Amino acid sequence: HATRPNPRSERPTWGDVSVSRAGDILYLHVLSWPESGTIEVNDLPVDVTGAVYLANGAKANFTQDGSRLKFTLLAKPVNQYDTVIKVTLAKSLDTN
């Protein structure tokens, strides 16, 4: 695959993160569906231009407040083991 491991210093409690080789797409792997129905990515230094569930292409609902990204998830996981959200970034993480 054309991805790299988690570029973040810590692994999130809800799963894991990978990044495209170009650094402009994050893949959020939701392995543990939170009861709150939301997940967050903090300290993201770039703007997000869009997000979709990889399995079905459905739009993923999110808000971005500065470097804090918050997703409101679907009622149930798209995949029972690993629901992946493809997050498109305005620019590469590598340019920061």
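See above for the structure.
Below you will find a few notes about this structure.

**Description of the pairing of strand 4 (residues 38-41)**
- By the alternation rule, side chains of strand 4 split into I39 and V41, which are all buried, and T38 and E40, of which none is buried.
- The sheet contact formed by strand 4 and strand 7 (residues 68-72) spans four bridges and is antiparallel. Across the sheet, residue T38 finds its bridge partner in strand 7, namely T72.

**Comments concerning unusual backbone geometry**
- The phi torsion at D43 lies on the positive side, around 60 degrees, for a residue other than glycine.
- Note on placement: D43 falls in the loop between strand 4 and strand 5 (48-53).

**Some remarks on the nonpolar core**
- L26, L28, F71, I85 and V87 are the most contacted members of the largest nonpolar core, which totals 21 residues.
- Taken together, the elements giving at least two residues each to this core come down to strand 2 (15-20), strand 3 (25-30), strand 4, strand 5, strand 7 and strand 8 (83-89).

Parameters at a glance
- Residues numbered from 1 in each chain as written.
- Predicted model: local features only at pLDDT ≥ 70, side-chain atom pairs only at ≥ 80, totals over all residues.
- Heavy atoms only, no water.
- Buried < 20%, exposed > 50% of the residue type's maximum accessible area, 1.4 Å probe, protein only.
- Helix = DSSP H or I, 4+ residues; strand = E, 2+ residues; numbered from the N terminus.
- Pairing = 2+ DSSP bridges.
- Core = buried A, V, L, I, M, F, W, Y, C linked by side-chain atoms within 4.5 Å.

Don't take any of this as a statement about function, it's just geometry.
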